[in-house]
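# Topology and contacts: notes
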Amino acid sequence: MVQSNFKMSKEATDVPPRGGFSFDLCRRNEMLMQKGMKFPCSFRKTGTTIVGLVFQDGVVLGADTRATEGPIVADKNCEKIHYMAPNIYCCGAGTAADTEAVTDMVSSQLQLHRYHTGRESRVITALSLLKTHLFGYRGYVSAALVLGGVDVTGPHLHTIYPHGSTDTLPFATMGSGSLAAMAVFESKYKEGMTRDEGVQLVCEAICSGIFNDLGSGSNVDVCVITKGHKEYLRNIQQPNPRTYVSSKGFSFVKGQTEVLTTKITPLKEKVEVIEGGDAMEE
Amino acid sequence: MASKQQANWSPYDNNGGTCVAIAGSDYCVIAADTRMSSGYNILTRDYSKICRLADKCLMASSGFQADVRALQKVLTARHLIYQHQHNKQMSCPAMGQLLSNTLYYKRFFPYYSFNVLGGLDENGKGCVFTYDAVGSYERVGYSTQGSGSTLIMPVLDNKLKAPSPLILPAKDAVTPLLESEAVDLVKDVFASAVERDIYTGDRLEIVVVKPDGIRREFMELRKD
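Residues numbered from 1 in each chain as written. Chains lettered and ligands numbered in written order. Predicted model: local features only at pLDDT ≥ 70, side-chain atom pairs only at ≥ 80, totals over all residues. Heavy atoms only, no water.

### Some words on the overall build of chain A
- Tallying secondary structure elements over chain A gives 6 helices and 12 strands in all.
- The burial tally for chain A puts 38% of its 282 residues in the buried class.
- In chain A, once contacts between residues fewer than 6 apart in sequence are set aside, the share between residues at least 24 apart is 61%. (Helix = DSSP H or I, 4+ residues; strand = E, 2+ residues; numbered from the N terminus. Buried < 20%, exposed > 50% of the residue type's maximum accessible area, 1.4 Å probe, protein only. Contact = heavy atoms within 4.5 Å.)

Spelled out as C-alpha coordinates, the structure:
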(Lines give C-alpha, C1' and ligand atoms only; values in the text may rest on other atoms or scores of the structure.)
Protein backbone atom coordinates (compact mmCIF):
# COMPACT_ATOMS: atom_id res chain seq x y z
CA MET A 1 0.00 0.00 0.00
CA VAL A 2 2.77 2.35 1.00
CA GLN A 3 4.79 1.46 -2.09
CA SER A 4 1.95 2.31 -4.53
CA ASN A 5 1.48 5.69 -2.86
CA PHE A 6 5.15 6.38 -3.26
CA LYS A 7 4.90 5.48 -6.95
CA MET A 8 1.91 7.80 -7.49
CA SER A 9 3.65 10.77 -5.95
CA LYS A 10 6.74 10.11 -8.08
CA GLU A 11 4.59 10.12 -11.24
CA ALA A 12 3.02 13.43 -10.26
CA THR A 13 6.39 15.12 -10.35
CA ASP A 14 7.21 13.73 -13.80
CA VAL A 15 6.20 15.25 -17.15
CA PRO A 16 2.48 16.24 -17.07
CA PRO A 17 0.11 14.10 -19.23
CA ARG A 18 -0.04 15.12 -22.90
CA GLY A 19 -3.52 15.89 -24.24
CA GLY A 20 -6.50 13.55 -24.00
CA PHE A 21 -8.96 13.35 -21.16
CA SER A 22 -7.62 13.28 -17.60
CA PHE A 23 -9.48 11.03 -15.19
CA ASP A 24 -7.67 12.28 -12.08
CA LEU A 25 -10.72 13.87 -10.56
CA CYS A 26 -13.02 10.86 -10.90
CA ARG A 27 -11.96 9.48 -7.51
CA ARG A 28 -12.68 12.85 -5.95
CA ASN A 29 -16.10 12.97 -7.63
CA GLU A 30 -16.90 9.50 -6.29
CA MET A 31 -15.99 10.62 -2.79
CA LEU A 32 -18.13 13.75 -3.10
CA MET A 33 -21.10 11.74 -4.37
CA GLN A 34 -20.83 9.43 -1.38
CA LYS A 35 -20.83 12.48 0.87
CA GLY A 36 -24.11 13.56 -0.69
CA MET A 37 -23.25 16.08 -3.40
CA LYS A 38 -25.63 16.03 -6.30
CA PHE A 39 -24.32 15.58 -9.86
CA PRO A 40 -24.52 17.35 -12.20
CA CYS A 41 -24.19 20.34 -9.88
CA SER A 42 -26.29 23.25 -11.08
CA PHE A 43 -24.41 25.81 -13.10
CA ARG A 44 -25.69 29.33 -13.19
CA LYS A 45 -27.67 29.81 -16.38
CA THR A 46 -27.07 33.34 -17.44
CA GLY A 47 -30.30 33.71 -19.38
CA THR A 48 -29.85 35.57 -22.66
CA THR A 49 -31.28 36.40 -26.03
CA ILE A 50 -28.73 36.51 -28.84
CA VAL A 51 -29.50 36.62 -32.56
CA GLY A 52 -27.85 36.97 -35.94
CA LEU A 53 -29.06 37.41 -39.48
CA VAL A 54 -27.63 37.69 -42.98
CA PHE A 55 -28.76 40.65 -45.08
CA GLN A 56 -27.89 42.02 -48.50
CA ASP A 57 -24.42 43.39 -47.71
CA GLY A 58 -23.34 41.37 -44.65
CA VAL A 59 -24.48 40.22 -41.22
CA VAL A 60 -26.24 41.84 -38.27
CA LEU A 61 -25.71 40.48 -34.75
CA GLY A 62 -27.87 41.38 -31.76
CA ALA A 63 -27.95 40.70 -28.01
CA ASP A 64 -29.70 41.78 -24.82
CA THR A 65 -27.64 43.16 -21.90
CA ARG A 66 -28.85 41.32 -18.79
CA ALA A 67 -26.59 38.94 -16.84
CA THR A 68 -28.36 36.88 -14.17
CA GLU A 69 -27.29 34.77 -11.21
CA GLY A 70 -30.33 32.63 -10.65
CA PRO A 71 -33.25 35.00 -10.03
CA ILE A 72 -31.08 38.08 -9.45
CA VAL A 73 -29.79 40.46 -12.09
CA ALA A 74 -26.02 40.59 -11.62
CA ASP A 75 -25.29 43.09 -14.40
CA LYS A 76 -27.96 45.31 -15.94
CA ASN A 77 -25.82 46.38 -18.90
CA CYS A 78 -23.19 43.79 -19.81
CA GLU A 79 -21.66 43.25 -23.27
CA LYS A 80 -22.52 39.97 -24.95
CA ILE A 81 -21.20 40.74 -28.43
CA HIS A 82 -17.53 39.81 -28.31
CA TYR A 83 -14.76 40.90 -30.67
CA MET A 84 -13.08 38.08 -32.55
CA ALA A 85 -11.40 39.89 -35.45
CA PRO A 86 -11.90 43.26 -37.18
CA ASN A 87 -14.38 41.55 -39.52
CA ILE A 88 -15.78 38.90 -37.16
CA TYR A 89 -17.89 39.23 -33.99
CA CYS A 90 -19.40 36.56 -31.74
CA CYS A 91 -22.46 36.68 -29.43
CA GLY A 92 -22.28 34.41 -26.40
CA ALA A 93 -24.95 32.72 -24.25
CA GLY A 94 -24.52 30.27 -21.38
CA THR A 95 -22.01 30.56 -18.57
CA ALA A 96 -20.55 34.09 -18.83
CA ALA A 97 -17.03 33.01 -17.81
CA ASP A 98 -17.02 30.33 -20.49
CA THR A 99 -18.21 32.59 -23.33
CA GLU A 100 -15.74 35.29 -22.33
CA ALA A 101 -12.79 32.91 -22.01
CA VAL A 102 -13.43 30.95 -25.19
CA THR A 103 -13.97 34.04 -27.38
CA ASP A 104 -10.88 35.77 -25.97
CA MET A 105 -8.81 32.65 -26.54
CA VAL A 106 -9.92 32.16 -30.16
CA SER A 107 -9.59 35.89 -30.82
CA SER A 108 -5.91 35.69 -29.78
CA GLN A 109 -5.38 32.60 -31.90
CA LEU A 110 -6.90 34.40 -34.90
CA GLN A 111 -4.60 37.37 -34.46
CA LEU A 112 -1.53 35.10 -34.35
CA HIS A 113 -2.86 33.38 -37.46
CA ARG A 114 -3.22 36.75 -39.19
CA TYR A 115 0.38 37.58 -38.41
CA HIS A 116 1.41 34.19 -39.71
CA THR A 117 -0.56 34.29 -42.97
CA GLY A 118 -0.71 38.03 -43.63
CA ARG A 119 -4.39 37.75 -44.55
CA GLU A 120 -7.78 38.80 -43.16
CA SER A 121 -9.29 36.12 -40.88
CA ARG A 122 -12.06 33.94 -42.25
CA VAL A 123 -15.22 33.14 -40.30
CA ILE A 124 -14.82 29.40 -40.89
CA THR A 125 -11.38 29.58 -39.23
CA ALA A 126 -12.95 31.00 -36.06
CA LEU A 127 -15.69 28.39 -36.39
CA SER A 128 -13.25 25.48 -36.54
CA LEU A 129 -11.16 26.76 -33.64
CA LEU A 130 -14.24 27.22 -31.46
CA LYS A 131 -15.90 23.92 -32.27
CA THR A 132 -12.72 21.92 -31.80
CA HIS A 133 -12.17 23.46 -28.37
CA LEU A 134 -15.78 22.94 -27.22
CA PHE A 135 -15.94 19.36 -28.51
CA GLY A 136 -12.78 18.48 -26.60
CA TYR A 137 -14.38 19.63 -23.36
CA ARG A 138 -17.39 17.35 -23.88
CA GLY A 139 -19.94 20.13 -23.39
CA TYR A 140 -18.60 21.11 -19.99
CA VAL A 141 -17.56 24.51 -21.39
CA SER A 142 -21.10 25.87 -21.41
CA ALA A 143 -20.86 28.35 -24.28
CA ALA A 144 -23.58 28.67 -26.92
CA LEU A 145 -22.41 31.10 -29.59
CA VAL A 146 -23.69 32.98 -32.61
CA LEU A 147 -20.69 33.71 -34.82
CA GLY A 148 -20.96 36.17 -37.69
CA GLY A 149 -18.66 38.07 -40.02
CA VAL A 150 -17.73 39.04 -43.57
CA ASP A 151 -14.54 37.82 -45.23
CA VAL A 152 -13.21 37.36 -48.77
CA THR A 153 -15.65 34.52 -49.41
CA GLY A 154 -18.66 36.61 -48.37
CA PRO A 155 -20.95 37.01 -45.34
CA HIS A 156 -21.22 34.06 -42.92
CA LEU A 157 -23.43 33.26 -39.93
CA HIS A 158 -23.02 30.20 -37.72
CA THR A 159 -24.37 28.85 -34.43
CA ILE A 160 -22.12 26.79 -32.16
CA TYR A 161 -23.50 24.56 -29.40
CA PRO A 162 -21.71 23.71 -26.14
CA HIS A 163 -20.97 20.17 -27.28
CA GLY A 164 -19.27 21.40 -30.42
CA SER A 165 -21.86 20.99 -33.18
CA THR A 166 -22.41 23.87 -35.60
CA ASP A 167 -25.04 25.09 -38.02
CA THR A 168 -24.74 27.51 -40.92
CA LEU A 169 -27.89 29.59 -41.18
CA PRO A 170 -29.38 32.72 -42.75
CA PHE A 171 -30.82 33.68 -39.33
CA ALA A 172 -30.17 32.26 -35.87
CA THR A 173 -31.07 32.70 -32.20
CA MET A 174 -29.59 31.25 -28.98
CA GLY A 175 -30.11 31.54 -25.23
CA SER A 176 -33.15 31.27 -22.95
CA GLY A 177 -34.95 33.90 -25.06
CA SER A 178 -34.18 32.12 -28.34
CA LEU A 179 -37.75 30.90 -28.85
CA ALA A 180 -39.21 34.37 -28.38
CA ALA A 181 -36.68 35.82 -30.83
CA MET A 182 -37.02 33.00 -33.35
CA ALA A 183 -40.79 33.53 -33.43
CA VAL A 184 -40.14 37.05 -34.71
CA PHE A 185 -37.53 35.91 -37.24
CA GLU A 186 -39.67 33.10 -38.65
CA SER A 187 -42.51 35.55 -39.03
CA LYS A 188 -40.69 38.48 -40.65
CA TYR A 189 -37.38 37.35 -42.16
CA LYS A 190 -36.86 37.66 -45.89
CA GLU A 191 -33.76 37.26 -48.05
CA GLY A 192 -31.83 40.27 -49.32
CA MET A 193 -32.92 42.81 -46.70
CA THR A 194 -31.34 46.25 -46.54
CA ARG A 195 -29.17 47.32 -43.61
CA ASP A 196 -31.95 49.28 -41.93
CA GLU A 197 -34.47 46.48 -42.36
CA GLY A 198 -31.97 44.03 -40.91
CA VAL A 199 -31.19 46.20 -37.88
CA GLN A 200 -34.91 46.83 -37.32
CA LEU A 201 -35.72 43.12 -37.40
CA VAL A 202 -32.84 42.24 -35.06
CA CYS A 203 -34.01 44.89 -32.58
CA GLU A 204 -37.53 43.51 -32.73
CA ALA A 205 -36.32 39.98 -32.08
CA ILE A 206 -34.16 41.03 -29.13
CA CYS A 207 -37.02 43.11 -27.70
CA SER A 208 -39.24 40.05 -27.96
CA GLY A 209 -36.70 38.18 -25.84
CA ILE A 210 -36.30 41.09 -23.43
CA PHE A 211 -40.02 41.43 -22.68
CA ASN A 212 -41.14 37.81 -22.88
CA ASP A 213 -38.18 35.97 -21.34
CA LEU A 214 -37.34 36.62 -17.70
CA GLY A 215 -33.71 35.64 -18.26
CA SER A 216 -33.21 38.49 -20.73
CA GLY A 217 -33.71 42.20 -20.25
CA SER A 218 -32.48 45.79 -20.18
CA ASN A 219 -31.04 47.13 -23.46
CA VAL A 220 -30.43 46.06 -27.07
CA ASP A 221 -26.89 45.82 -28.50
CA VAL A 222 -26.39 45.48 -32.26
CA CYS A 223 -23.32 44.93 -34.45
CA VAL A 224 -23.46 45.41 -38.24
CA ILE A 225 -20.62 43.85 -40.27
CA THR A 226 -20.21 44.53 -43.98
CA LYS A 227 -17.32 44.13 -46.40
CA GLY A 228 -14.45 46.20 -45.04
CA HIS A 229 -16.57 47.96 -42.40
CA LYS A 230 -18.18 47.27 -39.02
CA GLU A 231 -20.50 49.22 -36.72
CA TYR A 232 -20.76 48.31 -33.05
CA LEU A 233 -24.02 49.92 -31.92
CA ARG A 234 -23.88 49.63 -28.15
CA ASN A 235 -27.28 50.22 -26.48
CA ILE A 236 -28.99 51.10 -29.75
CA GLN A 237 -32.31 50.76 -27.89
CA GLN A 238 -32.97 51.35 -24.20
CA PRO A 239 -36.62 50.41 -23.72
CA ASN A 240 -36.45 49.92 -19.95
CA PRO A 241 -35.91 53.11 -18.02
CA ARG A 242 -36.41 53.16 -14.25
CA THR A 243 -40.09 53.86 -13.66
CA TYR A 244 -39.98 55.75 -10.40
CA VAL A 245 -37.44 57.90 -8.66
CA SER A 246 -38.39 59.16 -5.24
CA SER A 247 -38.17 62.95 -5.09
CA LYS A 248 -37.35 62.74 -1.40
CA GLY A 249 -34.20 60.69 -1.82
CA PHE A 250 -32.41 58.99 1.02
CA SER A 251 -30.68 60.85 3.82
CA PHE A 252 -28.51 58.99 6.29
CA VAL A 253 -28.17 61.06 9.44
CA LYS A 254 -25.36 60.49 11.86
CA GLY A 255 -26.56 58.10 14.50
CA GLN A 256 -28.81 56.05 12.20
CA THR A 257 -26.28 53.27 12.35
CA GLU A 258 -25.46 52.52 15.95
CA VAL A 259 -21.76 52.86 16.78
CA LEU A 260 -20.84 50.25 19.38
CA THR A 261 -17.13 50.98 19.90
CA THR A 262 -14.58 53.39 18.45
CA LYS A 263 -10.86 52.73 18.31
CA ILE A 264 -8.45 55.09 16.58
CA THR A 265 -4.94 53.83 15.84
CA PRO A 266 -2.59 56.45 14.43
CA LEU A 267 -0.50 54.91 11.63
CA LYS A 268 2.22 57.50 11.55
CA GLU A 269 3.67 59.80 14.14
CA LYS A 270 3.09 63.46 13.54
CA VAL A 271 5.77 64.73 11.16
CA GLU A 272 6.86 68.33 10.97
CA VAL A 273 7.32 69.72 7.46
CA ILE A 274 10.05 72.35 7.18
CA GLU A 275 9.56 74.76 4.30
CA GLY A 276 12.64 75.17 2.09
CA GLY A 277 14.49 72.22 3.55
CA ASP A 278 17.29 70.23 1.88
CA ALA A 279 16.84 69.48 -1.81
CA MET A 280 16.08 65.86 -2.72
CA GLU A 281 19.02 63.74 -3.83
CA GLU A 282 18.89 62.04 -7.19
CA MET B 1 -25.44 0.78 -4.32
CA ALA B 2 -28.63 2.42 -5.75
CA SER B 3 -28.93 6.14 -5.01
CA LYS B 4 -32.06 7.49 -3.35
CA GLN B 5 -35.02 7.73 -5.73
CA GLN B 6 -36.09 11.30 -6.48
CA ALA B 7 -39.60 12.37 -7.46
CA ASN B 8 -39.92 13.46 -11.08
CA TRP B 9 -43.15 15.39 -10.46
CA SER B 10 -43.76 18.17 -7.95
CA PRO B 11 -47.20 19.33 -6.81
CA TYR B 12 -45.82 22.86 -6.38
CA ASP B 13 -44.73 25.63 -8.73
CA ASN B 14 -43.49 29.10 -7.91
CA ASN B 15 -45.31 31.94 -9.66
CA GLY B 16 -42.97 34.57 -8.23
CA GLY B 17 -43.86 38.10 -7.18
CA THR B 18 -43.30 40.33 -4.17
CA CYS B 19 -45.63 41.73 -1.49
CA VAL B 20 -45.12 44.57 0.99
CA ALA B 21 -47.21 45.99 3.83
CA ILE B 22 -46.56 49.00 6.06
CA ALA B 23 -48.63 49.96 9.12
CA GLY B 24 -49.22 53.61 10.01
CA SER B 25 -50.84 55.37 12.95
CA ASP B 26 -54.21 55.54 11.17
CA TYR B 27 -53.60 53.79 7.84
CA CYS B 28 -52.17 50.64 6.34
CA VAL B 29 -50.47 50.33 2.94
CA ILE B 30 -50.52 46.94 1.22
CA ALA B 31 -48.77 46.52 -2.13
CA ALA B 32 -47.88 43.73 -4.54
CA ASP B 33 -46.67 43.49 -8.13
CA THR B 34 -49.01 42.04 -10.77
CA ARG B 35 -46.64 39.69 -12.61
CA MET B 36 -47.35 35.97 -12.61
CA SER B 37 -44.55 33.79 -13.98
CA SER B 38 -43.48 30.17 -14.24
CA GLY B 39 -39.83 29.32 -14.80
CA TYR B 40 -38.48 31.84 -17.31
CA ASN B 41 -41.92 32.57 -18.80
CA ILE B 42 -44.45 35.26 -18.01
CA LEU B 43 -47.96 33.82 -17.66
CA THR B 44 -49.67 37.18 -17.27
CA ARG B 45 -48.73 40.79 -16.52
CA ASP B 46 -52.06 41.57 -14.87
CA TYR B 47 -52.69 39.28 -11.88
CA SER B 48 -53.79 40.69 -8.52
CA LYS B 49 -52.11 39.11 -5.50
CA ILE B 50 -54.14 41.16 -3.01
CA CYS B 51 -57.38 39.78 -1.61
CA ARG B 52 -59.90 41.59 0.57
CA LEU B 53 -60.80 39.15 3.32
CA ALA B 54 -62.83 41.52 5.51
CA ASP B 55 -63.96 45.12 5.57
CA LYS B 56 -60.68 46.43 7.00
CA CYS B 57 -58.42 43.47 6.36
CA LEU B 58 -56.47 42.56 3.22
CA MET B 59 -54.06 39.75 2.45
CA ALA B 60 -51.24 39.88 -0.08
CA SER B 61 -49.66 36.53 -0.99
CA SER B 62 -46.81 35.43 -3.19
CA GLY B 63 -45.74 31.88 -4.02
CA PHE B 64 -47.84 29.22 -5.74
CA GLN B 65 -50.98 31.06 -6.85
CA ALA B 66 -53.15 27.94 -7.06
CA ASP B 67 -52.54 27.36 -3.35
CA VAL B 68 -53.02 31.11 -2.70
CA ARG B 69 -56.41 30.99 -4.44
CA ALA B 70 -57.46 27.94 -2.44
CA LEU B 71 -56.37 29.64 0.79
CA GLN B 72 -58.27 32.84 -0.09
CA LYS B 73 -61.43 30.78 -0.73
CA VAL B 74 -61.15 29.00 2.63
CA LEU B 75 -60.66 32.28 4.49
CA THR B 76 -63.50 34.15 2.79
CA ALA B 77 -65.82 31.20 3.45
CA ARG B 78 -64.81 31.11 7.13
CA HIS B 79 -65.33 34.88 7.34
CA LEU B 80 -68.85 34.50 5.97
CA ILE B 81 -69.63 31.92 8.65
CA TYR B 82 -68.17 34.25 11.30
CA GLN B 83 -70.42 37.08 10.10
CA HIS B 84 -73.50 34.83 10.34
CA GLN B 85 -72.56 33.67 13.83
CA HIS B 86 -71.37 36.97 15.36
CA ASN B 87 -73.25 39.55 13.30
CA LYS B 88 -70.11 41.59 12.68
CA GLN B 89 -66.98 41.75 10.52
CA MET B 90 -63.84 39.96 11.66
CA SER B 91 -61.18 42.29 13.04
CA CYS B 92 -57.69 42.17 11.59
CA PRO B 93 -56.08 40.44 14.60
CA ALA B 94 -58.85 37.84 14.57
CA MET B 95 -58.29 37.19 10.86
CA GLY B 96 -54.58 36.97 11.64
CA GLN B 97 -55.16 34.11 14.04
CA LEU B 98 -57.55 32.37 11.62
CA LEU B 99 -54.97 32.52 8.83
CA SER B 100 -52.32 31.05 11.12
CA ASN B 101 -54.59 28.17 12.13
CA THR B 102 -55.61 27.52 8.51
CA LEU B 103 -51.98 27.33 7.41
CA TYR B 104 -50.92 25.02 10.25
CA TYR B 105 -53.88 22.75 9.57
CA LYS B 106 -51.97 21.74 6.42
CA ARG B 107 -48.65 21.40 8.21
CA PHE B 108 -47.76 18.17 6.39
CA PHE B 109 -48.79 19.27 2.88
CA PRO B 110 -48.46 23.04 3.15
CA TYR B 111 -49.99 25.85 1.18
CA TYR B 112 -47.03 27.19 -0.81
CA SER B 113 -48.13 30.68 0.06
CA PHE B 114 -46.06 33.48 1.63
CA ASN B 115 -48.51 35.91 3.16
CA VAL B 116 -48.67 39.39 4.52
CA LEU B 117 -51.87 40.49 6.23
CA GLY B 118 -52.62 44.20 6.51
CA GLY B 119 -55.44 46.35 7.79
CA LEU B 120 -56.73 48.32 10.77
CA ASP B 121 -57.15 46.86 14.24
CA GLU B 122 -60.09 47.49 16.61
CA ASN B 123 -58.58 50.87 17.61
CA GLY B 124 -58.27 52.09 14.02
CA LYS B 125 -54.48 51.80 14.05
CA GLY B 126 -52.57 50.17 11.20
CA CYS B 127 -51.72 46.54 11.73
CA VAL B 128 -49.52 44.18 9.71
CA PHE B 129 -49.00 40.45 10.30
CA THR B 130 -46.30 38.47 8.56
CA TYR B 131 -46.40 34.69 7.99
CA ASP B 132 -44.30 31.80 6.83
CA ALA B 133 -45.75 28.93 4.76
CA VAL B 134 -46.94 26.89 7.75
CA GLY B 135 -48.55 29.58 9.88
CA SER B 136 -45.89 31.04 12.16
CA TYR B 137 -46.90 34.70 12.52
CA GLU B 138 -46.07 37.93 14.27
CA ARG B 139 -47.55 41.41 14.41
CA VAL B 140 -45.03 43.87 12.98
CA GLY B 141 -44.85 47.47 11.78
CA TYR B 142 -43.93 46.48 8.23
CA SER B 143 -43.07 43.36 6.29
CA THR B 144 -42.31 41.95 2.87
CA GLN B 145 -42.59 38.45 1.36
CA GLY B 146 -41.80 36.88 -1.99
CA SER B 147 -38.96 36.75 -4.50
CA GLY B 148 -37.94 40.40 -4.03
CA SER B 149 -38.26 40.40 -0.24
CA THR B 150 -34.52 40.01 0.37
CA LEU B 151 -33.94 43.11 -1.75
CA ILE B 152 -36.65 45.21 -0.08
CA MET B 153 -36.46 44.28 3.60
CA PRO B 154 -33.07 45.92 4.32
CA VAL B 155 -34.31 49.21 2.85
CA LEU B 156 -37.48 49.13 4.97
CA ASP B 157 -35.39 48.27 8.03
CA ASN B 158 -33.23 51.30 7.35
CA LYS B 159 -36.18 53.65 6.83
CA LEU B 160 -38.66 52.31 9.36
CA LYS B 161 -36.32 50.70 11.89
CA ALA B 162 -38.44 48.15 13.70
CA PRO B 163 -38.22 48.60 17.45
CA SER B 164 -37.55 45.26 19.08
CA PRO B 165 -40.49 43.97 21.15
CA LEU B 166 -37.93 43.08 23.82
CA ILE B 167 -37.00 46.70 24.58
CA LEU B 168 -38.93 48.18 27.51
CA PRO B 169 -40.94 50.36 27.73
CA ALA B 170 -42.78 48.74 24.82
CA LYS B 171 -42.52 50.97 21.75
CA ASP B 172 -45.30 51.37 19.23
CA ALA B 173 -45.06 49.10 16.19
CA VAL B 174 -46.53 51.66 13.81
CA THR B 175 -44.32 53.87 11.68
CA PRO B 176 -44.23 57.64 12.23
CA LEU B 177 -44.36 58.24 8.44
CA LEU B 178 -47.25 60.07 6.81
CA GLU B 179 -49.47 58.14 4.42
CA SER B 180 -48.04 59.94 1.37
CA GLU B 181 -44.45 59.25 2.53
CA ALA B 182 -45.24 55.57 3.05
CA VAL B 183 -46.75 55.25 -0.44
CA ASP B 184 -43.72 57.06 -1.92
CA LEU B 185 -41.40 54.66 -0.09
CA VAL B 186 -43.32 51.63 -1.39
CA LYS B 187 -43.13 52.89 -4.99
CA ASP B 188 -39.40 53.64 -4.72
CA VAL B 189 -38.64 50.30 -3.10
CA PHE B 190 -40.53 48.34 -5.75
CA ALA B 191 -38.91 50.27 -8.60
CA SER B 192 -35.55 49.24 -7.11
CA ALA B 193 -36.49 45.60 -6.55
CA VAL B 194 -37.69 45.32 -10.14
CA GLU B 195 -34.24 46.36 -11.40
CA ARG B 196 -32.58 43.32 -9.81
CA ASP B 197 -35.25 40.61 -9.42
CA ILE B 198 -36.44 38.97 -12.63
CA TYR B 199 -39.68 37.66 -11.09
CA THR B 200 -40.94 41.10 -10.02
CA GLY B 201 -42.22 43.67 -12.49
CA ASP B 202 -44.97 44.80 -14.91
CA ARG B 203 -47.27 46.76 -12.60
CA LEU B 204 -47.58 47.65 -8.95
CA GLU B 205 -50.93 47.51 -7.15
CA ILE B 206 -51.12 49.64 -4.00
CA VAL B 207 -54.07 49.52 -1.60
CA VAL B 208 -54.39 52.00 1.28
CA VAL B 209 -56.78 51.16 4.13
CA LYS B 210 -58.06 54.03 6.26
CA PRO B 211 -60.92 54.28 8.80
CA ASP B 212 -63.14 55.99 6.19
CA GLY B 213 -62.49 53.51 3.38
CA ILE B 214 -60.12 51.80 0.98
CA ARG B 215 -58.19 53.41 -1.90
CA ARG B 216 -56.49 51.53 -4.73
CA GLU B 217 -53.84 52.85 -7.11
CA PHE B 218 -51.55 51.42 -9.79
CA MET B 219 -48.05 52.25 -10.96
CA GLU B 220 -46.20 50.96 -14.05
CA LEU B 221 -43.02 48.94 -13.50
CA ARG B 222 -40.33 47.59 -15.82
CA LYS B 223 -41.70 44.93 -18.14
CA ASP B 224 -38.47 43.12 -19.04
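### A closer look at the overall build of chain B
- The helix and strand tally for chain B stands at 4 helices and 12 strands.
- What you see for chain B is a C-alpha radius of gyration of 18 Å, in line with the 17 Å of a compact globule of 224 residues.
- Summarising its shape, the C-alpha atoms of chain B cover approximately 60 × 45 × 35 Å along the three principal directions.
- For chain B, with 224 residues in total, the buried portion stands at 51%.
- Across chain B, the fraction of contacts at a sequence separation of at least 24, relative to all contacts at a separation of at least 6, is 63%.
- The distance from the centre of the 25 positive side-chain charges to the centre of the 24 negative ones in chain B is 4 Å. (Rg over C-alpha atoms; globule rule 2.2 N^0.38 Å. Lys, Arg positive; Asp, Glu negative; His and termini not counted. Charge placed at Lys NZ, Arg CZ, Asp CG, Glu CD.)

### Remarks on the interface of chain B and chain A
- On the side of chain A, 34 residues touch chain B, which itself brings 29 residues to the contact.
- Summed over both partners, the interface of chain B with chain A buries about 2,800 Å², with 49% contributed by carbon and sulfur atoms.
- A per-residue breakdown of the area chain B buries against chain A is headed by Tyr-40, Arg-196 and Asp-224 of chain B, which together make up 28% of the total.
- Where chain B touches chain A, the interface holds 4 salt bridges.
- Scanning the region where chain B abuts chain A turns up 16 residue pairs in polar contact (both at pLDDT 80 or more).
- Of all elements in the fold, only strand E4 (41–44), helix H3 (149–160), helix H4 (179–196) and strand E12 (213–220) of chain B reach the threshold of two or more residues within the side of chain B that touches chain A.
- The element contributing the most residues to the side of chain B that touches chain A is H4 of chain B, with 8 residues.
- A class-by-class count of the residues in the side of chain B that touches chain A yields 9 nonpolar, 5 polar and 15 charged. (Buried area = accessible area lost by both parts, 1.4 Å probe. Salt bridge = Lys/Arg side-chain N within 4 Å of Asp/Glu carboxyl O. Polar contact = N/O pair within 3.5 Å; in protein donor to acceptor, adjacent residues only side chain to side chain. Nonpolar A, V, L, I, M, F, W, Y, C, P; charged D, E, K, R; others polar.)

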